[in-house]
Amino acid sequence: TKQTGHTSLDYGFVNTAATRSAITYIDGDQGILRYRGYPIEQIAKHSTYLEVAWLLLYGDLPTADELADFDDRIRRHTLLHEDLKRFFSSLPHTAHPMSVLSAATAALSTYYEDQSDPNNPEHVELNTIRLLAKLPVIAAYAHKKSVGQAFLYPDNSLSFVDNFLRLNFGVLAENYEVNPVVSRALERLLILHEDHEQNASTSTVRLVGSTGANQFSSISAGINALYGPLHGGANEAVLDMLARIRDSGESVERFVARVKNKEDGVKLMGFGHRVYKNYDPRAKLVKESADEVLNELGVVDPLLDLAKELEEIALSDDYFRERRLYPNVDFYTGVIYKAMGFPTRMFTPLFAIGRLPGWLAHWREMQNDPQTKIGRPQQLYIGSAERDYPTS
Ligand code: SDX
């Protein structure tokens, strides 16, 4: 423009130095997602959360002994420092679990400051284990806090997922029986969230880590980025959207018309993606799980039918087709989490637990990449040209 001398052409091209990574491959047009070369469809069907975490962190699938040792080390780090448990009592019971998760993760840092040197491989290894072990416990305590129930201690005789389920749904007065259907479905959902290339929260973890900040501070920053409703917070926003349609009595067609007219900025939450301009392969797998889990749990949720009706109408509408808007990973996950018994505000913390191995893998890859400088995105200046301060 005339003030800055830039031409409109300048605005058409934003120079983004692509980040180099060997962890996850996405082809947005083909709807392809691979973790270290393995297709997500095979991984989700055959693997486990911890096996995939190892794959993302170290580049190959672990041997049986490596996985057993990894699992054992994580089990032995599930306890939180007793002082940290008092941290929760300082928060209001209305606190959103994502706020609690990011605050408590940053607070974890204060217990390990003398063991958090990003350049010390032993510290990096130990804090990776600590975060994988303790983040689920912190999330479960945020859930218990919100429902006014006593915190349980982890039971390390249980698997990673079963320990987490018991911390959320077990109560002191009774034994807790893990439902194998819920356990298997949650394992699969966590796997589907473990990494996704340079999404906003992973880029945040890399950027914060590039300044030399430790893993706790970097992960806490990633949790904050994930909280936003356009990112990880979308799974909570989808359920709220479906419930509002149901409770308002508004027809799906009328709601879709409001989205197309952009009335009050309303969006079809759980639809659209920065990269996928085709069906998100994870959404396809989650949708399959939704029917299976709700049937096996004997749960009938009209919100699932409403979601399917919304998807059918949107996918047959030119407005969404022209903009290449398809369901993303967040569109159906909430219905399953709800059927498992999680409150809506626990959905994004579940996303965070899923994404933690990816965040940690990217943090480590960035630390070991000689090209990595302190993250500083380039800028196109579009402000005022030089001018003198009025002295008259
Ligand atoms: C996640 O990056 C990742 O990998 C993220 C993630 C991961 O695993 O980490 O996959 C997880 O964050 C998935 C996304 C969850 N967010 C939502 O579901 C929120 C709703 N979706 C949108 O806000 C949006 O689709 C984004 C932000 C996700 C992506 O935006 P795009 O693809 O860059 O699209 P855009 O903002 O440039 O919009 C293009 C057009 C616009 O219309 P026009 O101005 O051209 O008329 O599409 C419209 C937008 O208004 N549009 C939507 C829409 N998303 C885009 N219209 C209605 N509903 C939507 N959801």
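Higher on the page you've got the structure.
Here we summarise the structure given alongside this text. Here the structure is a predicted model, which is why all the values come from computation and not from measurement. (Residues numbered from 1 in each chain as written. Predicted model: local features only at pLDDT ≥ 70, side-chain atom pairs only at ≥ 80, totals over all residues. Heavy atoms only, no water.)

**Points about the site of the ligand**
Lining the immediate surroundings of the ligand are 24 residues, of which His-196, Lys-262, His-273, Arg-274 and Arg-282 lie closest. At 2.9 Å, a backbone N or O of Leu-268 approaches a nitrogen atom of the ligand. At 3.2 Å from an oxygen atom of the ligand is found a side-chain nitrogen or oxygen belonging to Arg-323. For the ligand, whose free accessible area comes to 1100 Å², the fraction covered by protein is 78%. Each residue belonging to the shell around the ligand can be placed in one class, and the counts come to nine nonpolar, seven polar and eight charged. (Near = heavy atom within 4 Å. Polar contact = N/O pair within 3.5 Å; in protein donor to acceptor, adjacent residues only side chain to side chain. Areas by Shrake-Rupley, 256 points an atom, 1.4 Å probe, with all protein chains shown as cover. Nonpolar A, V, L, I, M, F, W, Y, C, P; charged D, E, K, R; others polar.)

**Overview of the sheet that holds strand β2 (residues 32-35)**
The strand order across the open sheet formed by three strands is β1-β2-β3, and the pairing between neighbours is antiparallel. Because the sheet does not close on itself, it has two edges, and the strands there are β1 (24-27) and β3 (38-39). Sheet analysis places β1 next to β2, joined by four bridges and oriented antiparallel. From the neighbouring strand, Ile-26 faces β2, where its bridge partner is Leu-33. (Pairing = 2+ DSSP bridges. Helix = DSSP H or I, 4+ residues; strand = E, 2+ residues; numbered from the N terminus.)

**With respect to the pattern of salt bridges**
Within this structure, the stated rule accounts for 22 salt bridges. When the shortest N-O distance is used, the salt bridge between Glu-296 and Arg-184 registers 3.3 Å. With a gap of 112 residues between them, Glu-296 in helix α14 (residues 281-297) and Arg-184 in helix α9 (residues 180-192) connect regions that are remote in the sequence. By relative accessible area, which is 43% here, Glu-296 ends up partly exposed. Between Arg-323 and Glu-322 there is a salt bridge, with the nearest N and O atoms lying 3.9 Å from each other. Judged by relative accessible area, Arg-323 falls into the partly exposed class, the value being 38%. A cluster of three or more residues bridged by salt bridges with shared partners is formed by Asp-69, Arg-73, Glu-125 and Arg-364. (Salt bridge = Lys/Arg side-chain N within 4 Å of Asp/Glu carboxyl O. Buried < 20%, exposed > 50% of the residue type's maximum accessible area, 1.4 Å probe, protein only.)

**Some details on unusual backbone geometry**
A positive phi angle, near 50 degrees, is found at Arg-36, a position not held by glycine. Tracing the chain through its elements places Arg-36 in the loop between β2 and β3. Residue classification places Arg-36 among the partly exposed positions, given a relative accessible area of 22%.

**Details of the environment of Leu-303**
As for its placement among the helices and strands, Leu-303 is situated in helix α15 (residues 302-315). A residue is classified by how much of its surface remains accessible, and Leu-303, at 2% relative accessible area, is buried. Counting along the chain gives 260 residues from Leu-303 to Ile-43, while the straight-line C-alpha distance between them is 28 Å. If sequence neighbours within four positions are ignored, Leu-303 has contacts with Leu-239, Leu-242, Ala-243, Arg-246 and Lys-338. (Contact = heavy atoms within 4.5 Å.)

**Examining the environment of Leu-91**
Mapped onto the secondary structure, Leu-91 falls in the loop between α5 (82-89) and α6 (97-108). Residue Leu-91 is classed as partly exposed on the basis of its relative accessible area, which comes to 23%. Residues Leu-91 and Lys-145 lie 54 residues apart in sequence; the distance between their C-alpha atoms is 8.8 Å. Sequence-distant contacts of Leu-91, defined by excluding residues within four places in its chain, comprise Val-100 and Lys-145.

**Thoughts on the packing of aromatic side chains**
Enumeration over the complete set of coordinates arrives at 17 aromatic pairs. Ring centres of Tyr-337 and Phe-342 lie 6.5 Å apart, and the angle between their planes is 85 degrees; on these two criteria the pair is classed as edge-to-face. According to the relative accessible area criterion, Phe-342 is buried, its value standing at 3%. An aromatic cluster is defined as three or more aromatic residues linked by ring pairs; in this entry it consists of Phe-164, Phe-169, Tyr-337, Phe-342 and Phe-347. Over the face of the ring belonging to Tyr-319 we find Arg-323, whose NZ or CZ atom lies 3.6 Å from the ring centre. (Phe/Tyr/Trp six-rings, centres within 6.5 Å; stacked < 30°, edge-to-face > 60°. Lys NZ or Arg CZ within 6 Å of the ring centre and 35° of its normal.)

**Details of a negative patch on the surface**
Judged by side-chain charge, Glu-253, Asp-305, Glu-309 and Glu-312 come together as a negatively charged surface patch. No other element matches the three residues that α15 contributes to the negative patch. Summarising the element assignment, Asp-305 is placed in helix α15. (Patch = residues over 30% accessible without salt bridge, like charges linked within 9 Å, V, L, I, M, F, W, Y side chains within 5 Å. Lys, Arg positive; Asp, Glu negative; His and termini not counted. Charge placed at Lys NZ, Arg CZ, Asp CG, Glu CD.)

**Quick look at the packing of α9 against α14**
Where α9 meets α14, the closest approach of the two axes is 10 Å, and the angle between their N-to-C directions is 170 degrees. The angle between α9 and α14 falls in the class roughly antiparallel. Seen from α9, the contacting residues are Val-181, Val-182, Arg-184, Ala-185, Arg-188, Leu-189 and Leu-192; seen from α14, they are Arg-282, Leu-285, Val-286, Glu-288, Ser-289, Glu-292, Val-293, Glu-296 and Leu-297. Among the residues forming the contact of α9 with α14, the class breakdown is nine nonpolar, one polar and six charged. (Axes fitted to C-alpha atoms, helices over the stretch in contact; angles between N-to-C directions. Parallel < 35°, antiparallel > 145°, perpendicular 65-115°, else oblique.)

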